[in-house]
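Architecture at a glance
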Amino acid sequence: MPEAPHVVVVGGGVSGLTAAHRLRGHGAAVTVIEAADRPGGKLQASPVVGARVDAGAEAVLARRPEAVDLFEELGLGDRVVHPGQGSASLYSRGRRRPLPKGQLMGVPGDLRALARSGVLSWGGVLRAGLDLVRPRTPVQGDVSVADYIGTRMGHQVVDRLVEPLLGGVYAGRADRLSLDSTLPQIAPMARTERSLLRGVRTSLAGRGKAPTAPGPVFASLRGGVAGLVETLAERQGERLRTGTRARALERREHGWRVHLEGSDPLDCDGVLLACPAPEAARLLREHVPEAASGLEGIDYASMALVTFALPASAFPGPLTGTGFLVPSGEGLTVKAATFSSNKWPWLAEEVAEANPGEDLVVLRCSIGRFGEHATLQRSDDELAEAALADLARVTGLSGTPVQTRVTRWENGLPQYSVGHADRIERVRGAVGRHPGLGVCGAAYEGVGVPACIADAGREARRLAEGLTAHPHTTDATDQQGANP
Ligand SMILES: Cc1cc2nc3c(=O)[nH]c(=O)nc-3n(C[C@H](O)[C@H](O)[C@H](O)COP(=O)(O)OP(=O)(O)OC[C@H]3O[C@@H](n4cnc5c(N)ncnc54)[C@H](O)[C@@H]3O)c2cc1C
């Protein structure tokens with residue numbers, strides 16, 4: 001029997017750990033190297049008033065199968081939880097207002113509901129309605145979210161609805177984000193519909209007629225969604241090396257050599273780069289310059305999450321809903337706040353159990369949009385103070401936290417700017433010409449956890465199949481030689 005190919009996965013976030021899991025399933029021997037002292041990347045949890053609370057990603061989209069299927073596959077099915085009742089609101093024009101009914105990623109499909117919500121001024125609602133009578137907006141190639149939606153419905157819809165909703169995923173700006181890559185539900189309408197509003201309405205009506213109940217939109221794990229990477233890391237065992245950074249790649253006659261900071265290099269048949277784009281670019285620069293250039297063009301947004309545990313009595317009344325989003329023009333520092341104890345009933349239970357008789361609630365505030373460097377220059381204490389002031393303004397809070405946790409995510413979220421899909425196609429085309437080399441992760445085909453899992457699975461399979469079909473090939477020329 002031929003020896004199992006050895007693949008080194010660079011990066012132990014959810015993408016790298018999933019890829020390692022899949023590669024092993026395809027018969028490869030795998031080593032994961034992770035620069036940080038702990039695995040998991042953007043998935044991380046730590047205790048707040050005695051209960052584990054996610055400090056990075058906190059939920060997965062359950063309407064896509066990849067993450068929920070992986071939970072089941074890993075035996076985590078009994079820990080799966082869904083958000084409790086209630087929805088998020090929007091802090092717009094000086095107060096919290098319900099998200100208008102009948103919208104898709106903030107794009108309204110119901111003018112009356114939009115007007116009733118009070119999120120836009122009357123002028124803004126009228127401008128949105130002009131979409132119904134305006135001629136078709138020709139869209140050739142990719143455009144920015146603000147370009148297309150702003151042309152159809154005006155800037156208030158972009159600034160007060162679409163950008164805050166997109167901000168939750170990308171922390172990005174609508175005038176830079178790609179319509180095709182960040183709003184795949186809306187992008188086809190730009191090519192087929194004259195009126196965007198009608199397109200959204202038709203799309204939502206179609207969903208309403210779907211034959212089966214769609215089920216909860218989001219899922220997580222009791223104890224935090226970080227449990228996913230912890231389980232994957234456990235399965236990896238000693239083949240996961242933390243505190244180990246890949247310094248450089250060297251092409252060998254047979255396979256690759258991965259040079260590490262502070263330890264001996266690793267020789268392998270394949271390398272899968274599951275690290276953020278700037279690191280992947282640096283490692284690829286010498287061997288695949290075209291891919292490196294493409295990856296260097298991907299910007300990242302930094303952000304901070306401030307988690308508070310507060311006495312419920314600090315609020316003027318019971319907190320309702322799961323939190324609120326804030327458009328950038330409202331003069332607040334936070335861009336969103338999650339009422340974690342409301343959103344996740346399991347967390348409320350655990351906080352109550354760990355703090356009998358205290359009635360504490362947990363909230364997470366998110367700070368930092370793409371380009372807001374100055375905001376994040378502040379110290380942790382200043383960020384916490386600003387977040388508390390914003391909570392006071394929006395909810396009437398007037399109390400002192402029992403515990404505060406500030407988590408920084410520098411360059412945490414890749415920005416899918418206009419032309420992203422073409423860029424990624426070029427990068428993948430260039431990488432694919434080098435047998436034994438692969439790339440996956442949040443920078444490519446979706447930043448959400450399920451998208452990362454899907455990407456890791458595809459790339460692991462491609463790499464494993466290539467290594468099995470053409471063992472010990474080092475470049476495209478060798479491969480052609482081996483396959484007349
Ligand atoms: C604050 C925040 C909240 C989020 N919330 C959600 C959410 O609720 N739901 C959701 O679906 N998505 C969410 N996301 C997005 C999602 O969590 C990430 O896109 C995803 O986890 C990225 O996984 P990854 O493995 O591709 O990258 P990462 O998690 O960035 O992992 C890459 C790893 O590579 C390591 N590395 C880098 N360079 C090297 C090197 N040279 N050698 C070795 N290791 C290296 C890094 O240390 C890191 O651990 C959130 C993101 C952030 C920042």
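Everything numeric in this text was worked out from a predicted model, so none of it was measured.

1. Remarks on the sheet that holds strand E6 (residues 80–81)
Taking strand neighbours across the sheet as the criterion, the 3 strands line up as E5-E11-E6 in an open arrangement whose pairing is antiparallel. The sheet terminates laterally at strand E5 (60–61) and E6, the two strands that pair on one side only. The pairing of E5 with strand E11 (residues 218–221) spans 2 bridges and is antiparallel. Bridging from a neighbouring strand, Leu61 pairs with Phe218 of E11. Helix H2 (residues 65–73) contacts E5, E6 and E11 of the sheet and is inclined by roughly 30° relative to E11.

2. A short note on the packing of aromatic side chains
By the definition in use, this model includes 2 aromatic pairs. Between Tyr170 and Tyr416, the aromatic rings sit 5.5 Å apart at their centres with planes inclined by 55°, giving tilted as the arrangement. Of this pair, Tyr170 sits in helix H6 (residues 155–170) while Tyr416 sits in the loop between strand E21 (403–414) and helix H17 (420–432), placing them 246 residues apart in sequence. According to the relative accessible area criterion, Tyr170 is buried, its value standing at 6%. Accessibility expressed as a relative area gives 1% for Tyr416, which makes it buried. Ring geometry for Phe324 against Phe339: centres 6.0 Å apart, planes inclined by 70°, an arrangement best described as edge-to-face. Of the two residues, Phe324 sits in strand E18 (residues 323–325) while Phe339 sits in the loop between strand E19 (334–338) and helix H13 (340–343), which places them 15 residues apart along the sequence.

3. Regarding the domain arrangement of the chain
Taken as a whole, the chain is organised into domain 1 (6–42 + 225–298 + 416–479), domain 2 (88–206) and domain 3 (300–414). For domain 1 versus domain 2, the separation of C-alpha centres amounts to 36 Å. Across the boundary between the two partners, domain 1 contributes 7 residues, which contact 10 residues of domain 2. Taking both partners together, domain 1 and domain 2 bury about 610 Å²; carbon and sulfur atoms supply 65% of that area. Among the residues of domain 1 in contact with domain 2, Tyr416, Val418 and Val447 are the three that bury the most area, contributing 73% of the side total.

Reading guide: rules and limits
- Residues numbered from 1 in each chain as written.
- Predicted model: local features only at pLDDT ≥ 70, side-chain atom pairs only at ≥ 80, totals over all residues.
- Heavy atoms only, no water.
- Pairing = 2+ DSSP bridges.
- Helix = DSSP H or I, 4+ residues; strand = E, 2+ residues; numbered from the N terminus.
- Contact = heavy atoms within 4.5 Å.
- Axes fitted to C-alpha atoms, helices over the stretch in contact; angles between N-to-C directions.
- Phe/Tyr/Trp six-rings, centres within 6.5 Å; stacked < 30°, edge-to-face > 60°.
- Buried < 20%, exposed > 50% of the residue type's maximum accessible area, 1.4 Å probe, protein only.
- Domains from an automatic or database assignment.
- Buried area = accessible area lost by both parts, 1.4 Å probe.

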